Amino acid sequence: MNYISTRSTGAAAQMGGFQDILLEGLAQDGGLAMPASIPQIDRTTLDAFSKQPYPALAAEIISRFATDIDRAVIDRLAAQAYTVEKFGSAEIAPLTPLGIEQGAPLAILELSNGPTLAFKDMAMQMLGQLFEYVLTQRGEKLNILGATSGDTGSAAEYAMRDKHAVSVFMLSPQGRMSAFQRAQMYSLQEPNIHNLAVAGVFDDCQDMVKAVSADLEFKAKWRIGTVNSINWARIMSQVVYYFKGYLAAVHVYGLKIGDPVSFSVPSGNFGNVFSGFIAKSMGLPIAKLVVATNENDVLDEFFRTGVYRVRGAKETYQTSSPSMDISKASNFERFIFAMTGNDGAATAALWRELAQTGQFKLSGTVSNTSPVSDTWRNVKSSGLVSGKSTHQNRLDTIRDMDARYRRVIDTHTADGVFVGRKYLEPGVPMICLETALPAKFEETILEALGRPAPRPSGLEHLESLPQRVENIGQDVAQLKHIIAERALR
Ligand SMILES: *Cc1c(COP(=O)(O)O)cnc(C)c1O
């Protein structure tokens, strides 16, 4: 499988094979990596997948995108990434049927049973295995530098903590994360994990990461990389659970292979739902992919109006589903590229317009030469639909799910359930993706239910574990000094 950039055409777009793009961020032209073609899964193959345990299913999907790694190796890496010890059950991502609403079976796909209680573990655990394998093969090391407001940083640290070829330098805003999130990250004691708490907010952390990354010489010398949400291997690893969810629904509801199923996806950076789009493009019979946003509704606005208008920090609200407080969805470019029919020139033109004016519009007049209206027609027939929720909607949904099904869900999952319910169709299961466990966002659960969220066993005393974190200023020189002192080489 070859990979191409979303912003060029022909030979200029070529980015190499899977191993070439695994460790790279952006393409040279600023675009993102996309597979040159989407592997197809026919109904017979899909049927055969239904007998596979999760790690084997993962290897089936991943081996079609990572054709430059031996299948036996992928089998082994997937088996190491998706274990009962890490995910709590052999199912890895269990499907829980809830009830029938308006004739549609409603179910939850549990993606948050991994080490950090959020769905990011699903991809990050596989990414850790892939990094370790490729780096060891090449005799190289990687020092991951990142900024986190919570979920991504801890998922990365838990995935890399036992790796020899990788270290992690993770910046977090001092005093801005929940006690649970802090304890989760800072209690790690492995010497290759470096928690740096910055006196500032998340954007300040992000700016420091950008400043270090912009120093290309420093970046190359200390082998600095990232694990951000634009990494293709993360998208690829997430495709697996759409297959898993589909096959489980076929089994539970007595459907035939080929019958349609819908998914509702709490969305921020558009990575999760884009993985669903890839699954659909591979031939998985998905009826609707529901893009659920909170008050930060850039994506909902786009799917309703055809206008993609990114927002600044001032227009980005702090909500009770904080991992979706995003006003510029990094992976969205991949979707638009697909909607233009893999036209890198058209995509580049749209992103130029975005850079100049802060928005672009697909429905109607756009000042470039691409067949824009075709692109909008493609969006309309892509199966992606959208909606948004408010804090009150989330509280109501959490209460309703608890009262109706005795099931406590977190605020992000509540966004997905609330919006997913608007797209129910008789006979078509609606699978709502659970992207975090409620224990991670206790305050809102307390507000909604008047009692705390249940904690998974083993984490009862998380906050009393010894913590290992270093406070630093908004000081790029200081950060570089720390990296130079401790980076793997
Ligand atoms: C990251 C995250 C999301 C958003 O996922 P994207 O792939 O960025 O759209 C939703 N919910 C939770 C709990 C998350 O951590």
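Above: the structure in question.
Residues numbered from 1 in each chain as written. Predicted model: local features only at pLDDT ≥ 70, side-chain atom pairs only at ≥ 80, totals over all residues. Heavy atoms only, no water.

Visitor: Account for the overall build of the chain, with residues named and values stated.
Guide: Across its full length, the chain holds 20 helices and 16 strands. A compact globule built from 489 residues should have a C-alpha radius of gyration of about 23 Å, and the chain, at 21 Å, falls within 12% of that. Seen through its C-alpha atoms, the chain measures out along the principal axes to roughly 60 × 55 × 50 Å. Within the chain, buried positions represent 59% of all 489 residues. (Helix = DSSP H or I, 4+ residues; strand = E, 2+ residues; numbered from the N terminus. Rg over C-alpha atoms; globule rule 2.2 N^0.38 Å. Buried < 20%, exposed > 50% of the residue type's maximum accessible area, 1.4 Å probe, protein only.)

Visitor: Tell me what's going on with the packing of aromatic side chains, and back it up with residues and numbers.
Guide: Per the stated rule, a full pass over the model turns up 26 aromatic pairs. Here the aromatic rings of Tyr3 and Phe18 are separated by 6.4 Å at their centres, their planes lie at 55 degrees, and the arrangement is tilted. Taken together, the positions of Tyr3 in strand β1 (residues 3-5) and Phe18 in helix α1 (residues 18-22) put the pair 15 residues apart, joining distant regions of the chain. No difference in accessibility class separates Tyr3 from Phe18, as the two residues are buried. (Phe/Tyr/Trp six-rings, centres within 6.5 Å; stacked < 30°, edge-to-face > 60°.)

Visitor: Give me the lowdown on the sheet that holds strand β15 (residues 430-434), citing residues and values where you can.
Guide: The mixed open sheet is built from six strands, whose spatial order is β4-β5-β15-β10-β11-β14. Each edge of the open sheet is held by one strand with a lone partner, namely β4 (95-101) and β14 (384-388). Sheet twist, expressed as the mean angle between neighbouring strand axes with direction ignored, is 25 degrees. Judged from the three bridges that link them, strand β10 (residues 261-266) and β15 form a sheet pairing that is parallel. In the sheet register, Phe263 faces β15, and the bridge partner there is Ile431. Strands in contact with helix α18 (residues 411-420) are β5 (104-110), β10, β11 (286-293), β14 and β15; relative to β11, the strand with the most contacts, it is inclined by about 125 degrees. (Pairing = 2+ DSSP bridges. Axes fitted to C-alpha atoms, helices over the stretch in contact; angles between N-to-C directions. Contact = heavy atoms within 4.5 Å.)

Visitor: Run through the site of the ligand, naming residues and quoting values.
Guide: If you check the shell around the ligand, you find 15 residues, and the closest are Lys120, Asp151, Gly268, Asn269 and Asn272. The separation between an oxygen atom of the ligand and a polar main-chain atom of Asn269 is 2.7 Å. Between the ligand and the protein, one listed contact pairs an oxygen atom with a backbone N or O atom of Gly271 at 3.2 Å. Considering only residue class, the shell around the ligand consists of five nonpolar, eight polar and two charged. (Near = heavy atom within 4 Å. Polar contact = N/O pair within 3.5 Å; in protein donor to acceptor, adjacent residues only side chain to side chain. Nonpolar A, V, L, I, M, F, W, Y, C, P; charged D, E, K, R; others polar.)

Visitor: So what's going on with the pairing of β11? Which residues, and what values?
Guide: With seven of eight residues buried, β11 lies mostly within the body of the structure. As paired strands, β10 and β11 are joined by five bridges and run parallel to one another. Looking across to β11, one finds that Val265 is bridged to Val291. Note on the crossover from β10 through helix α12 (residues 271-281) to β11: the handedness is right-handed. When β11 meets β14, the two strands line up parallel, connected through five bridges. Directly across from Val290, in β14, lies its bridge partner Val385. (Right-handed = clockwise from strand over helix to strand, strands pointing away.)

Visitor: So what's going on with the side chain of Gln238? Residues and values would help.
Guide: Within the secondary structure, Gln238 sits in helix α11 (residues 232-252). By relative accessible area, which is 4% here, Gln238 ends up buried. Polar contacts involving the side chain of Gln238 include one to the main-chain carbonyl oxygen of Gly271, which spans 3.4 Å. Discounting residues that sit within four places of it in the chain, Gln238 has contacts with Phe119, Ala123, Gly271, Asn272 and Ser275.

Visitor: A description of the packing of helix α6 (residues 120-138) against α11 should follow, citing residues and the corresponding values.
Guide: Closest axis-to-axis distance for the α6/α11 pair is 8 Å, and the angle between their directions is 125 degrees. When the interaxial angle is binned, α6 and α11 end up oblique. α11 is crossed by α6, and the crossing has right-handed handedness. In contact with Lys120, Met122, Ala123, Met124, Met126, Leu127 and Leu130 of α6, α11 contributes Ala233, Arg234, Met236, Ser237, Gln238 and Tyr241. Residues belonging to the contact of α6 with α11 are distributed by class as follows: nine nonpolar, two polar and two charged. (Parallel < 35°, antiparallel > 145°, perpendicular 65-115°, else oblique. Left-handed = near helix turned anticlockwise from the far one by under 90°.)

Visitor: Break down the sheet that holds strand β16 (residues 470-472) for me, citing the residues and quoting the values.
Guide: Pairing in this open sheet of five strands is parallel, and the strands run β9-β6-β7-β8-β16 from one edge to the other. Of all the strands in the sheet, the pair left with one neighbour each is β9 (224-225) and β16. Pairing analysis gives six bridges linking strand β6 (residues 142-147) to strand β7 (residues 166-173), with the strands arranged parallel. Counted as the bridge partner of Leu145 is Phe169 from β7. The sheet strands contacting helix α9 (residues 202-214) are β6, β7, β8 (193-198), β9 and β16, and the helix crosses β6 at an angle near 145 degrees.

Geometry only, nothing functional implied.
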